[in-house]
Amino acid sequence: MSEFALYGYFRSSAAFRVRIALNLKGIAPELRFVHLLKDGGQQHTAEYRRLNPQALIPALVHDGHTITQSLAIIEYLDEIAPAPPLLPRDALGRARVRSIAYAVACDIHPVNNLRVNQYLKAELGADGEAQLAWQRHWIGLGFAALETMLANDPATGAFCHGDGATIADICLIPQMANARRVGLDLAPYPTLARIEAHALAHPAFDAAKPASQPDAE
Ligand SMILES: N[C@@H](CCC(=O)N[C@@H](CS)C(=O)NCC(=O)O)C(=O)O
């Protein structure tokens, strides 16, 4: 029998992505908690760095093999457990879904990460409000583009691409949670908000929410 262990933190949106994918696939991993703030950040311990030299979560261990990077983990899960599929069958559909997912995972999320905020504070003197303004700026810029991409495309359905959940939704919904946490006004993004409401009605998304995790504070 396969064994999975997920290293995560309730508030991490990258771990949130992997939790959604695991739930959609019906895989219940052992949960191992890495507190990103306690003890100077448990992601920096030598023990965790042996798993992920990037000192970032999530990491998934499957039968002794460690995988890092949420999208690599999610595509791996999609390959070993193909139902339900998290990518469309057609090449153009897959490209569209990846464009949406990467807009979040490669362009919005990295500049708002904890270590970026810590650098802004320690090296550039940005206080709490300045950090929030930074995050709202970069999320808003990315969301404006995503709103245009999704609102004007007939391929958009109840989810980002048609009526089934894909990696686009898996990236978007955790980023919406981050946007709320930093107080971004979501009124300019009605399509994103509609997709979020639809996704969160799905048990796989709902159960993956930060507040529902055993390590939630
Ligand atoms: N591209 C990575 C991003 C991982 C990432 O940035 N994780 C954050 C939590 S959402 C983290 O571990 N931050 C710790 C830090 O910044 O020190 C992925 O998709 O897995």
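The structure this text deals with has already been given above.
Residues numbered from 1 in each chain as written. Predicted model: local features only at pLDDT ≥ 70, side-chain atom pairs only at ≥ 80, totals over all residues. Heavy atoms only, no water.

## Some words on the packing of aromatic side chains
Aromatic rings considered in pairs are described by the distance between their centres and by the relative angle of their planes.
Then comes step 1: Tallying each qualifying case throughout the model produces 5 aromatic pairs.
Then comes step 2: A ring pair is formed by Tyr7 and Tyr48, whose centres lie 5.9 Å apart and whose planes are at 50 degrees; its orientation type is tilted. With Tyr7 in strand β1 (residues 4-8) and Tyr48 in helix α2 (residues 46-51), this residue pair connects regions lying 41 residues apart in the sequence. Comparing Tyr7 with Tyr48 shows no difference in burial state: the two are buried.
Then comes step 3: Here Phe143 and Tyr189 contribute two aromatic rings whose centre-to-centre distance is 5.6 Å and whose plane-to-plane angle is 80 degrees, an arrangement assigned as edge-to-face. Here Phe143, found in helix α6 (residues 128-151), pairs with Tyr189, found in the loop between α7 (167-181) and α8 (190-200); they are 46 residues apart in sequence, far enough to count as distant. By the burial criterion, Phe143 is buried, and Tyr189 matches it. (Phe/Tyr/Trp six-rings, centres within 6.5 Å; stacked < 30°, edge-to-face > 60°. Helix = DSSP H or I, 4+ residues; strand = E, 2+ residues; numbered from the N terminus. Buried < 20%, exposed > 50% of the residue type's maximum accessible area, 1.4 Å probe, protein only.)

## Observations regarding the site of the ligand
Then comes step 1: The immediate surroundings of the ligand are formed by 15 residues, with Ile57, Gln69, Ser70, Asn113 and Arg115 found nearest.
Then comes step 2: In this structure, an oxygen atom belonging to the ligand sits 2.6 Å away from a side-chain N or O atom of Ser70.
Then comes step 3: Taking Arg115, its main chain carries an N or O atom lying 2.9 Å from an oxygen atom of the ligand.
Then comes step 4: Here the ligand loses 92% of its free accessible area of 520 Å² to cover by the protein chains.
Then comes step 5: Considering each element in turn, the shell around the ligand owes the most residues, 3 residues, to helix α1 (residues 13-25).
Then comes step 6: Here the shell around the ligand is built from residues that sort into 6 nonpolar, 7 polar and 2 charged. (Near = heavy atom within 4 Å. Polar contact = N/O pair within 3.5 Å; in protein donor to acceptor, adjacent residues only side chain to side chain. Areas by Shrake-Rupley, 256 points an atom, 1.4 Å probe, with all protein chains shown as cover. Nonpolar A, V, L, I, M, F, W, Y, C, P; charged D, E, K, R; others polar.)

## Here we look at the side chain of Gln175
Then comes step 1: When you line up the elements, Gln175 lands in helix α7.
Then comes step 2: Apart from the residues within four sequence positions on either side, Gln175 is in contact with Val104, Ile108, His109, Ile139 and Phe143. (Contact = heavy atoms within 4.5 Å.)

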